[in-house]
Amino acid sequence: MEQSEKRLKKQLRVCVATCNRADYSKLAPIMFGIKSHPEIFDLEVVVLGSHLIDDYGNTFRMIEQDEFDIGSKLHTIVRGEDEAAMVESVGLALVKLPDVLQRLAPDILLVHGDRFDALALATAAALMNIRILHLEGGEVSGTIDDSIRHAISKLAHYHAVCTRSAERHLISMCEDHSRILLAGCPSYDKLLSAHQRDYYIDIIKSWLGDAVKEQDYIVALQHPVTTDIKNSIKIYELMLDALISFNKKTLVLFPNIDAGSKEMVRVMRRKGIEQHPNFRAVKHVPFDQFIQLVAHAGCMIGNSSCGVREAGAFGTPVINLGTRQTGRETGENVLHVRDADTHNKIYHALELQFGKRYPCSKIYGDGNAVQRILKFMQTIDLSEPLQKKFCFPSVKECISQDIDHILETQSALAVDLGGTNLRVAIISMKGKVVKKYVQLNPKTFEERIELILTMCKQAMADAVHLNCRILGVGIGGGIIQHNELIHGSTFCAAELGHIVVSLEGPECMCGSHGCIEAYSSGLALQREAKRLHDEDLLLMEGMTVNNKEQVNAIHLIDAACLGNSKAESVLHTAGTALGLGIVNILHMINPSLVILSGVLAAHYENPVRQVISQRALLSAQDTKVMVSELEDPALLGAASMVLDYTTRRTY
């Protein structure tokens, strides 16, 4: 029964997407393996990127020569060979890929490596709920490729890695260990057998001439480093100068399509490399022939991953220039010239390495990668949920040895110096008002300070019983820039309530006339409410004020809501005054948002918006105005400054 079920099991549709000559060398062995098992797999091939560009050898033809049916060819490269062109190429690929992936509907998409084209593939597939198997993730090379490679790993559902270190890196990146296969590099399946073939002499002669002998020539392959283009071009120029001086037959391959490659080609042509008798400059060499050329070279130089990976399988001496492969695992055959800033350094490295042979390295594979990958794909359960699960390590919280400290709630003491009331509150780290104290604001400065100190002392005493540890005291009202309170030269900055909006306005408690506070504060509205009440112009039908009750701003608001035109006029004037003050603030510090808070905020919102639209400069007229939904925004804001500052971690 089980055997019959297996026979009836549908083929696994695998889409292999290849972007350039380098990734095809890794993907081709897997493609051959898939093709050899038609009863298990249904292979779809998508070609994009530099494969389809004439300047880079039209390398899609070698895929056709390998007798693979190319299901889709996507022209995704925007020419320019600079950073912007790379970004535009990713965007173009993302525009074209959805139609192809929707039509093919693969069960699994194979994506290789760390190229920007591969990032587009992984992004499109992830968003279209297609399972992704990422090859060669977890490695470290030392350039922008690291970021792209790790980004693809985070999008991928399954991983086939080359080394034990790469496996550990993915596990430390919280990838599921059960979905990581330590397979080895697929290209090694060919490399380890190719070294024994005896037709390499013909290949050497066909590319470098009849007079060239084994281990008496150099293979040079240098790519731009997109995070340091200027320096990578300088290194390329120094490398060519050193090779000219070294006077050995050299096969130079054109760089890849990354930003900076155009400038590198210009350097090569300016030095006459294509016409130089010691050099053969080519855009592409078929991989089977390329590995024979590397295997039997006297030395390989540049910054290609082939030098630190594949060349080790043959023991070929390698000189790695610059930082592009700094983080790679290498065999003893690699000599790094990380600071390749002089011709002499590179020339001396050539003298040290040329003609040597090193023990063959199997860091990146043992020749059985394809077999492992094919078996791994067959174990993928398509009925499993597609959503990735990350294996985050458990995090131990810091536990104090002091039981009182463990049980304490970190808190701040917030003070709001309102026009009508003084308010003090104990605010917890989570923004909860633990306890609040409210007192009428005395008229004199000395009385206010005395009352603030009394209220704070009471709050500190209560905090002990409430098990709150006070980290500091915050006073509401101020300007905050880059998380820091602006104090001013005499610690009086941001007296925003005393911005003058009228030369003939009412007297303010500060002694001046026409301040915002004289128009718009609770005390100012209380004064106007009392005036209207004394003139019998305040109360509307249904409103009462008993003899013991003091008339305040709430009575004024109630009267306005009931249609009292005098009360409405007072509130409109107050809102206009506040709006004029806010216009001045907009012109000074240009914030993106104005938030009004307090019981009067809703009544001031429309007048403030109207004044901004009429009086503000054109650049500030679109500033958004909204009413805070927080119950005590001034107290919470003051507390947040203390809690943020005292718990901030600086490194």
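Scoring rules and cut-offs
Residues numbered from 1 in each chain as written. Predicted model: local features only at pLDDT ≥ 70, side-chain atom pairs only at ≥ 80, totals over all residues. Heavy atoms only, no water. Phe/Tyr/Trp six-rings, centres within 6.5 Å; stacked < 30°, edge-to-face > 60°. Helix = DSSP H or I, 4+ residues; strand = E, 2+ residues; numbered from the N terminus. Buried < 20%, exposed > 50% of the residue type's maximum accessible area, 1.4 Å probe, protein only. Lys NZ or Arg CZ within 6 Å of the ring centre and 35° of its normal. Patch = residues over 30% accessible without salt bridge, like charges linked within 9 Å, V, L, I, M, F, W, Y side chains within 5 Å. Areas by Shrake-Rupley, 256 points an atom, 1.4 Å probe, with all protein chains shown as cover. Salt bridge = Lys/Arg side-chain N within 4 Å of Asp/Glu carboxyl O. Lys, Arg positive; Asp, Glu negative; His and termini not counted. Charge placed at Lys NZ, Arg CZ, Asp CG, Glu CD. Expected span 1.5 Å × (residues − 1). Polar contact = N/O pair within 3.5 Å; in protein donor to acceptor, adjacent residues only side chain to side chain. Pairing = 2+ DSSP bridges. Axes fitted to C-alpha atoms, helices over the stretch in contact; angles between N-to-C directions. Contact = heavy atoms within 4.5 Å. 1 Å grid on protein atoms, 1.4 Å probe; cavity = no way out; pocket = protein on both sides within 12 Å on 5 of 7 lines; lining within 4 Å. Points joined across faces, edges and corners; volume = space filled by probe spheres on them. Nonpolar A, V, L, I, M, F, W, Y, C, P; charged D, E, K, R; others polar. Core = buried A, V, L, I, M, F, W, Y, C linked by side-chain atoms within 4.5 Å. UniProt positions renumbered as here; feature names shortened; annotations may be inferred.

(A) View of the packing of aromatic side chains. In total, this model carries five aromatic pairs according to the counting rule given. Ring geometry for Phe 246 versus Tyr 347: centroids 5.6 Å apart, planes at 75°, classification edge-to-face. Pair noted here: Phe 246 is in helix α10 (residues 229-246) and Tyr 347 is in helix α14 (residues 343-353), with a separation of 101 residues, a long-range link. Seen in terms of ring centroids, Phe 390 and Phe 392 are 6.1 Å apart; in terms of plane orientation they differ by 50°. Their pairing is tilted. Owing to a relative accessible area of 63%, Phe 392 belongs among the exposed residues under this scheme. Here a set of aromatic residues connected by ring pairs shows up, and it is made of Phe 246, Tyr 347 and Phe 354. Cation over ring: Lys 35 sits above Phe 68, and NZ or CZ is 5.1 Å from the ring centre.

(B) The arrangement of a negative patch on the surface in detail. There is a patch of like negative charges on the surface, built from Asp 82, Glu 83, Glu 88 and Glu 263. Summarising the element assignment, Glu 88 is placed in helix α4 (residues 83-104).

(C) A look at helix α21 (residues 565-589). The end-to-end C-alpha separation of α21 is 36 Å, in line with the 36 Å expected for 25 residues at 1.5 Å each. N-capping of α21 is provided by Asn 564, with a side-chain oxygen placed 3.0 Å from the backbone N of Lys 566. Following α21 by one or two positions, Asn 590 adopts a phi angle in the positive range, close to 50°.

(D) Representation of the sheet that holds strand β7 (residues 180-182). The sheet built from seven strands is open, its strands ordered β3-β2-β1-β4-β5-β6-β7 with parallel pairing. Whereas interior strands pair on both sides, the edge strands pair on one side only; in this sheet they are β3 (70-74) and β7. Pairs of neighbouring strands in the sheet enclose a mean axial angle of 20°, with direction left out of account. With three bridges joining them, strand β6 (residues 158-161) and β7 adopt parallel strand pairing. Bridged to His 159 within β7 is Ile 180. With respect to the sheet, helix α2 (residues 21-35) is in contact with β1 (12-18), β2 (41-48), β4 (108-112) and β5 (131-135), its orientation differing from that of β1 by roughly 160°. Against the sheet, α4 makes contact with β1, β2 and β3, and its axis sits at roughly 170° relative to β3, the strand it touches most.

(E) How the structure looks around empty space enclosed by the protein. Counted under the stated rule, the structure contains four cavities of 30 Å³ or more. Taken as a whole, the largest cavity encloses approximately 670 Å³ of empty space. Residue lining of the largest cavity: 38 residues in total, with Asn 20, Arg 21, Ala 22, Asp 23 and Ser 305 positioned closest to the centre. Secondary structure elements with two or more residues in the lining of the largest cavity: α2, α6 (144-155), α12 (287-295) and α13 (305-308). The element best represented in the lining of the largest cavity is α2, accounting for five residues. Its residues assigned to classes, the lining of the largest cavity shows 12 nonpolar, 12 polar and 14 charged. The volume enclosed by the second largest cavity comes to roughly 50 Å³.

(F) Structural context of the pattern of salt bridges. The tally for this structure, following the rule as stated, stands at 35 salt bridges. The salt bridge involving Glu 64 is made with Lys 73; its shortest N-O contact spans 3.1 Å. The partly exposed category is assigned to Glu 64, whose relative accessible area is 38%. Here Glu 175 ties to Lys 388 by a salt bridge, and the two come within 2.8 Å at their closest N and O atoms. Of this pair, Glu 175 sits in the loop between α7 (164-172) and β7 while Lys 388 sits in the loop between α15 (369-378) and α16 (403-407); the two residues are 213 residues apart in sequence, bridging distant segments of the chain.

(G) Structural detail: the nonpolar core. Core analysis: the biggest nonpolar cluster contains 62 residues, and Ile 301, Leu 321 and Leu 350 have the highest contact counts within it. Tallying contributions element by element places α10 first for this core, with 10 residues. Those residues in contact with Leu 350 that sit more than four places away from it in its chain are Ile 218, Ala 242, Leu 243, Phe 246, Cys 299, Ile 301 and Ile 319.

(H) Region of the structure containing the pairing of β1. With six of seven residues buried, β1 is to be regarded as a mostly interior element. Note that β1 and β4 share three bridges and pair parallel. Along β4, the bridge assignment pairs Cys 15 with Leu 109.

(I) Main features of the UniProt feature "binding site: Zn(2+)" (unreviewed entry) in the chain. Within the UniProt annotation, "binding site: Zn(2+)" (unreviewed entry) is assigned to His 498, Cys 508, Cys 510 and Cys 515. Their sequence span is 18 residues, while the largest C-alpha to C-alpha distance among them is just 8.8 Å; these annotated residues converge on one region. As for its position among the elements, His 498 is in the loop between β19 (484-485) and α18 (516-520). For His 498, a relative accessible area of 26% translates into the label partly exposed.

(J) The arrangement of the sheet that holds strand β8 (residues 217-221) in detail. With parallel pairing, the six strands of this open sheet are ordered in space as β10-β9-β8-β11-β12-β13. The sheet terminates laterally at β10 (279-282) and β13 (334-337), the two strands that pair on one side only. Neighbour-to-neighbour, the strand axes of this sheet turn through a mean angle of 20°, independent of strand direction. One ladder, built from four bridges, connects β8 with strand β9 (residues 249-253); its direction is parallel. Within β9, the residue paired with Tyr 217 across the bridge is Lys 249. Each of β8, β9 and β10 touches helix α9 (residues 200-208); the most contacted strand, β10, lies at about 90° to it.

(K) Structural view of the environment of Ala 118. Mapped onto the elements, Ala 118 comes out in helix α5 (residues 116-127). Through-space distance from the C-alpha of Ala 118 to that of Pro 385 is 24 Å; in sequence the pair is 267 residues apart. Apart from the residues within four sequence positions on either side, Ala 118 is in contact with Cys 19, Val 111, His 112 and Ile 152.

(L) Just the layout of surface pockets, in detail. Space inside the second largest pocket adds up to approximately 400 Å³. Residue lining of the second largest pocket: 16 residues in total, with Asn 441, Lys 443, Leu 523, Gln 526 and Gln 550 positioned closest to the centre. It is helix α19 (residues 522-534) that provides the largest number of residues to the lining of the second largest pocket, a total of four residues. Considering only residue class, the lining of the second largest pocket consists of five nonpolar, seven polar and four charged.

(M) Examining a nonpolar patch on the surface more closely. Side chains of Phe 445, Ile 449 and Leu 453 sit close together on the surface and give an oily, nonpolar patch of about 300 Å² of accessible area. By the element assignment, Ile 449 lies in helix α17 (residues 445-465). Residue Ile 449 is classed as partly exposed on the basis of its relative accessible area, which comes to 36%.

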